[in-house]
Amino acid sequence: MVWDFEGGGYCCPGCGEPFTLLGDHVVEQLDWQVTVRLVAHCRRRYRRACRCPVPATVMAPGPPKAIGKGLLSNGFIAMLLTERYVAGRSQNSLVTGLARHGAEVSAATLTGTVAAAGALLAPLEDAICARSRDSWHMHADETTWHVFAPREGDGPARWWLWVFLGPDTACFVMDPTRAGTVLARHAGIDGETGQLAETGDGPRRLVISSDFYSVYASAGKKADGLVNLFCWAHIRRYFVRAGDANPAQLTYWAAAWLERIKALYAAHQELTAAWNAAAAPAPRQAADAAARLDEAYAAWDAAIGAIDEARRKQMAAAGLQEPAKKALATLDREWDGLAAHREYPMISLDNNAAERALRRPVITRKNAYGSRNDDAARLAARVWTVTVTAEMAGLNVLTYLAAYLDACGRHDGKPLSGPDLERFLPWNATPGDLRIWAQPPPPG
């Protein structure tokens, strides 16, 4: 945009002599515009002018529409899914926001569009969850979710949203219960024997990072090959709360425990770095990398040993305040899962990754209060499975969803399968596609 004086140029206010142009003073500003536009697709039609046995009229192909008779474009649908589930906006907020920009779209239209788009995403969800089930390690957590008109039962019901994070996947599962059957179904645990599925070399190996919920601990006790890694951030909170419950007597006690846990985190950080260096050492540095790893293990053993010694002494001491007893009892009960981190330096000490993955659904729950029915609740889990997995691969959700919906449109508005679907799985996608999907959507 070029800004000039009225009439162009400038003259001396005294004599009227025109000033000489020196150039431009350029100042850049970032503008934010939300443009909702109506696009008219005019498909040219042609009539046969000969007598050949071919169709009398033909029409040029139109844009690839994911929803055949839908009002909304693929780009609009991608934005709708992103705003609804990634940004966590309620449907009423979306309807009001669209009207603010001149688009009067009913809530029923948005609901139907999201449901139709969700059906197209089903193969992606299935492929992501299948890969998640085959992971050797996963972070797991769960949170409440409200369903106002469930298919079974009267009135609002409290459901549970589970998340299982693998190395490159995020699988969200919406279920009416918080029972161990959900974990068993996803992890491949036999409901009768409590054992992991057999592989060619015996029982499958699986490591689960979680909080202290009894479902995870119970599965670890029953299943051969299943290892529980419990969250050190959770146990740290017990000591923080104990200090807050009785600051007059437990402030310094809690501070000492926080220092011990801080030292353990520092030792684990060095152990992780040393383990990575020893796994792929530089040429002629294998001996140095091995020595560094031994030192890191020694530092870890010292840090965890200090915590172990302190908990044993304090549990045996008399006169300890009740909040402190509760924190120490929890530490003692979950000790095996907390100390097991020594054998897995490549895994973080806490379960913060799963908690961060649930933060977005929690925001959506606060804005929209939950889902109207079962189908809407499970649809939300499906969209989060696809979008969070895409973000883990460094993709732009808008670009990725629009590209997938375009492909569905070229597939006659049907869900993708076979090689067409494989192309959109981040771990199978070509570097060229990944580069394109990582960029913002092209303008227009």
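Our subject in this report is the structure included herewith. (Residues numbered from 1 in each chain as written. Predicted model: local features only at pLDDT ≥ 70, side-chain atom pairs only at ≥ 80, totals over all residues. Heavy atoms only, no water.)

So, the overall build of the protein
Note the threshold: Put simply, DSSP marks the helices as runs of H or I at least four residues long and the strands as runs of E at least two long, and each gets a number from the N terminus on. Note that the radius of gyration is over C-alpha atoms, with the globule rule given as 2.2 Å times the number of residues to the power 0.38. Categorising residues by exposure relies on relative accessible area from a 1.4 Å probe, with only protein chains included: less than 20% of the type maximum marks a residue as buried, more than 50% marks it as exposed, and the intermediate range marks it as partly exposed.
Counting its regular elements, the protein contains 15 helices and nine strands. Expected size for 444 residues packed as a compact globule is a radius of gyration near 22 Å; at 29 Å, the protein overshoots this value by more than 25%. When the backbone C-alpha atoms are referred to their principal axes, the protein occupies close to 95 × 80 × 60 Å. For the protein, the proportion of its 444 residues judged to be buried stands at 42%.

Focus: the pairing of strand β4 (residues 157–165)
Every other side chain in a regular strand lies on the same face of the sheet, so the side chains alternate between the two faces. Rules: DSSP-based pairing: two strands are paired if at least 2 bridges between them are found.
Where burial is concerned, most of β4 is hidden: seven out of the nine residues are buried. In this sheet, β4 lies alongside strand β3 (residues 137–147) in antiparallel orientation, the contact comprising nine bridges. Pairing of W145 across the sheet is with W159, part of β4. Of the strand pairs in this sheet, β4 and strand β5 (residues 170–175) are connected by six bridges, and their pairing is antiparallel. Each residue of the ladder has a partner; that of L161, found in β5, is M174.

Examining the layout of surface pockets
Note the threshold: Two kinds of site are reported from a 1 Å grid over the protein atoms alone, namely cavities, where a 1.4 Å probe fits but cannot get out, and pockets, open sets with protein on both sides within 12 Å along at least five of seven lines, and residues are called lining when an atom falls within 4 Å of a point. Grid points are joined across faces, edges and corners, and a volume is the space filled by probe spheres set on the points. Following the grouping adopted for this structure description, the nonpolar residues are Ala, Val, Leu, Ile, Met, Phe, Trp, Tyr, Cys and Pro, the charged ones are Asp, Glu, Lys and Arg, and the polar ones are all others, Gly among them.
Of the pockets and cavities examined, the largest pocket occupies roughly 1900 Å³. Lining the largest pocket we find 45 residues, and of these T35, R37, S73, G75 and F76 sit closest to its centre. Broken down by secondary-structure element, the contributors of at least two residues to the lining of the largest pocket are α1 (74–86), α2 (91–100) and α13 (397–410). No other element matches the seven residues that α1 contributes to the lining of the largest pocket. What the second largest pocket holds in volume is close to 940 Å³. Around the second largest pocket, the lining is made up of 37 residues, and of these S371, D375, A376, L379 and A380 lie nearest the centre. At the level of elements, α1, α2, α3 (107–133), β5, α4 (180–187), α11 (352–368) and α12 (374–392) are the ones that each hand at least two residues to the lining of the second largest pocket. For the lining of the second largest pocket, the residue count by class is 17 nonpolar, 10 polar and 10 charged.

Quick look at α1
In an α-helix, one full turn covers 3.6 residues, which means residues spaced three or four apart are oriented alike. Basically, it comes down to this: Multiplying one less than the number of residues by 1.5 Å gives the expected span of a helix. The contact criterion used is simple: two residues touch if any of their non-hydrogen atoms lie within 4.5 Å.
Between its terminal C-alpha atoms α1 stretches 17 Å, which fits the 18 Å expected from 13 residues at 1.5 Å a residue. The element α1 is largely enclosed, with a buried count of 10 among its 13 residues. Buried within α1 we find N74, F76, I77, A78, L80, L81, T82, R84, Y85 and V86. On its buried side, α1 packs onto α2, α3, α11, α12 and α13. Directly beyond the C-terminal end of α1, a positive phi value near 80° is found at G88.

Notes on the packing of aromatic side chains
The description of an aromatic ring pair rests on the distance of the ring centres and on the angle between the ring planes. Inclusion rule: Geometry of aromatic contacts follows a simple scheme: Phe, Tyr and Trp rings, the Trp one being its six-membered ring, pair when their centres are within 6.5 Å, and the pair is stacked under 30 degrees between planes, edge-to-face over 60, tilted otherwise. We call a charge positioned over a ring when the NZ of a Lys or the CZ of an Arg lies within 6 Å of the ring centre and within 35 degrees of the ring normal.
Going through the model one piece at a time under the given rule, you end up with 17 aromatic pairs. Their ring planes at 15° and their centres at 4.9 Å tell us that F424 and W437 sit as a pair that is stacked. With F424 in the loop between α14 (418–422) and α15 (431–437) and W437 in helix α15, the pair connects residues that are 13 residues apart, well separated along the chain. Each residue in the set Y85, W145, F172 and W384 is aromatic and connected to the rest through ring pairs, giving one cluster. Sitting over the face of the ring of W257, R260 holds its NZ or CZ atom 4.6 Å from the ring centroid.

Description of the state of the cysteines
Which entries qualify depends on this criterion: A pair of cysteine sulfur atoms is labelled a disulfide when the two atoms are within 2.5 Å.
Tallied over the full model, the rule gives one disulfide. Bridging C129 to C171, the disulfide has an S-S length of 2.5 Å. On the sign convention where negative means left-handed, the S-S torsion of about 85° between C129 and C171 marks this disulfide as right-handed. Taken together, the residues C129 in helix α3 and C171 in strand β5 connect sequence positions 42 residues apart. Of the two residues, C129 and C171, both sit in the buried class.

Any functional reading would require information beyond the geometric quantities listed.
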